[in-house]
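# Observations on chain architecture
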Amino acid sequence: MFRKETFELGSECSAIRGLFEYANRRKTEIGKDNVFDFSLGNPSAPTPAAVDAEAVRLIRLAPAENVHGYTSAAGDLGARKAVAECYRTEYGIPMSEEDVFMTCGASASLIIAFTALLERGEEIVTVAPCFPEYGVFAMGAGVKLTAVSAGEGFHLDVNAIERAMTEKTRAVLINSPNNPTGV
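Description of the structure in this document. Residue numbers restart at each chain and count upward from 1, following the sequence in its written direction. Given that the model is predicted, a residue must reach a pLDDT of at least 70 before its local features are reported, and side-chain atom pairs must reach 80 or more before they are shown or counted; all residues, however, enter totals for whole chains, interfaces and linings. For side-chain calculations, the full set of non-hydrogen atoms in the structure is used, while hydrogens and water are omitted.

For the rest of this paragraph, the subject is the nonpolar core. If you look at the biggest cluster of nonpolar residues, it comprises eleven residues: Leu110, Phe114, Leu118, Ile124, Cys130, Tyr134, Phe137, Ala138, Ala141, Val143 and Leu173. Counting from the N terminus, the helices are the DSSP runs of H or I reaching at least four residues and the strands are the DSSP runs of E reaching at least two. Those elements that provide at least two residues to this core are α6 (106–117) and α7 (133–141). Among the elements that line this core, the one with the most residues is α7, at four residues. Grouped together as the second largest cluster of nonpolar side chains are seven residues, Val127, Val148, Ala150 and Ile161 included. Throughout this description, the term nonpolar core refers to a set of buried Ala, Val, Leu, Ile, Met, Phe, Trp, Tyr and Cys residues connected via side-chain atoms within 4.5 Å. In this scheme, a residue with accessible area under 20% of its type's maximum is buried, one over 50% is exposed, and one in between is partly exposed, where area comes from a 1.4 Å probe on protein chains only.

As structure tokens, then:
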């Protein structure tokens, strides 16, 4: 038996995923070079040669545990120090490495933030169109996600966001640049 809400979320693919699957079908029908797939944001440009060379160098020379091993739960200490230093020098935000928690991608960060900062029954407001999995993350955290349509040109409609907020709203999720519009 599946949880009804979870089954409903997964029973129909999002428009973005639908376009991705359509593009995959068309690639087999008319050839990969004849399809421009802008659905998921997969890179269409090759990785810069310097990045490829550094990745190969690290794989060949670095100790295996540095290449394939786990870091501390909060992330690599050197990377966290570099992020904190960047925020201090570039933006004037007083931070230390203790203020930085790194994850593998934005999805993990959002799941952690939703569950750590919000209580069940509280609400988040975001701007649509948005990454479809935001709804899954919110449901998992037991919070309500309210999506407000973007304004003209997919820009934020601050008035619409304010109107959507209630006494239970605890966060406004703004993705910049927006996924999927890029604005």
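Across the sheet, three strands lie side by side as β2-β1-β3; this open sheet has parallel pairing. Bordering the open sheet on either side are β2 (144–149) and β3 (169–173), each of which pairs with just one other strand. Sheet twist, expressed as the mean angle between neighbouring strand axes with direction ignored, is 25 degrees. Where strand β1 (residues 123–128) lies against β2, six bridges are found, and the strand directions are parallel. Each bridged residue has a counterpart across the sheet, and for Glu123 the counterpart in β2 is Lys144. For two strands to count as paired, DSSP must find a minimum of two bridges between them. Angles run from 0 to 180 degrees between N-to-C directions of axes, and those axes are lines fitted to C-alpha atoms, restricted for helices to the stretch in contact.

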